[in-house]
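# Chain and residue survey
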Amino acid sequence: MTETDLLQMALNLGMGWKVDHVEFNPDDKELHIFISTVKGSKFECATCGNPSTVYDHGRERKWRHLNFFQYEAYLHAKLPRTDCSKCNGSPKTIKPNWARERSGFSVYFEAFVILLMKAMPVKKVANLVDEHDTTLWPILHHYVEEAREREDYSDVKHVGLDETSRKKGHKYVSIFMDLDKRKVISVTEGKDQHTLKDFKHDLMVHGGHPDTI
Ligand SMILES: [Zn+2]
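Cut-offs and rules
- Residues numbered from 1 in each chain as written.
- Predicted model: local features only at pLDDT ≥ 70, side-chain atom pairs only at ≥ 80, totals over all residues.
- Heavy atoms only, no water.
- UniProt positions renumbered as here; feature names shortened; annotations may be inferred.
- Helix = DSSP H or I, 4+ residues; strand = E, 2+ residues; numbered from the N terminus.
- 1 Å grid on protein atoms, 1.4 Å probe; cavity = no way out; pocket = protein on both sides within 12 Å on 5 of 7 lines; lining within 4 Å.
- Points joined across faces, edges and corners; volume = space filled by probe spheres on them.
- Nonpolar A, V, L, I, M, F, W, Y, C, P; charged D, E, K, R; others polar.
- Pairing = 2+ DSSP bridges.
- Axes fitted to C-alpha atoms, helices over the stretch in contact; angles between N-to-C directions.
- Contact = heavy atoms within 4.5 Å.
- Buried < 20%, exposed > 50% of the residue type's maximum accessible area, 1.4 Å probe, protein only.
- Arc of directions from axis to C-beta.

As a further point, take the UniProt feature "domain: Transposase IS204/IS1001/IS1096/IS1165 zinc-finger" (unreviewed entry) in the protein. When the UniProt feature table is mapped onto this chain, "domain: Transposase IS204/IS1001/IS1096/IS1165 zinc-finger" (unreviewed entry) is found at residues 44-87. The span residues 44-87 carries 0% helix and 73% strand; its end-to-end C-alpha distance comes to 12 Å.

Attention shifts here to the layout of surface pockets. Empty space among the atoms becomes apparent when a probe as large as a water molecule is rolled across them. Put simply, the largest pocket is a space of about 250 Å³. Lining of the largest pocket is provided by 16 residues; of these, Arg61, Leu79, Arg100, Glu101 and Arg102 occupy positions nearest its centre. The biggest single contributor to the lining of the largest pocket is strand β4 (residues 51-68), with four residues. Classifying every residue of the lining of the largest pocket by side-chain character gives six nonpolar, three polar and seven charged.

The next point concerns the sheet that holds strand β7 (residues 159-165). Ordered in space as β7-β8-β9, the three strands form an open sheet in which the pairing is antiparallel. The open sheet is flanked by β7 and β9 (183-189), the only strands paired with a single partner. Direction aside, neighbouring strands of the sheet carry axes that sit 25 degrees apart on average. Pairing analysis gives six bridges linking strand β8 (residues 172-178) to β9, with the strands arranged antiparallel. If you follow Ile175 over to β9, its bridge partner there is Val187. Lying on the sheet, helix α5 (residues 193-205) is in contact with β7, β8 and β9; it crosses β9 at an angle near 135 degrees.

Those residues of helix α3 (residues 122-129) that fall on the buried side of the exposure criterion are Val122, Val125, Ala126 and Val129. Viewed along the axis of α3, the buried residues span an arc of 100 degrees, placing them on a single side of the element. Facing away from the buried surface of α3 by more than 90 degrees, the exposed residues are Lys123, Lys124, Asn127 and Leu128.

Below, the structure written as structure tokens:
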């Protein structure tokens, strides 16, 4: 087994992808893994999922991946655009299974930093993985938002409200709690009638019934 075979198996890239070559220079402390499409492969259309033929490839993109021992590792690939026979219109870039759209990190790296963020502040995580914290905040925001979207408030009956300021003398935030479950369900800026309106809207979006509260 060659090193590219080994990496290909470990990376779980999905159908149609292969590890093309690897660049490793211990002095740079970085490992670069170049992946490419297998000729003749079909990829799911980004819009409808229909297996589609490759139209062309975009520019090379780079994603930070989990460290390879003590070395930072990066994936490089040109994502194909497919010509879907079911969707009319211009070719669309496929969604790889190793990264979210517009993220510069692999999903494995993101899962790792999310795990760290549960135990320590974002700034500390950033230092640990040698990234600027501004590049890590969007990861946290994305997964928090995703988790919030799945929340179901349909059985919320008793709500408590607490007001606090973000910093001393700064903007107020209102914190709404499900008193039965003792769980924060919504946080909105301000402490006026708009706050209540925002909360009502948030509650309804998640299947809640403002009239029964
Ligand atoms: Zn399609």
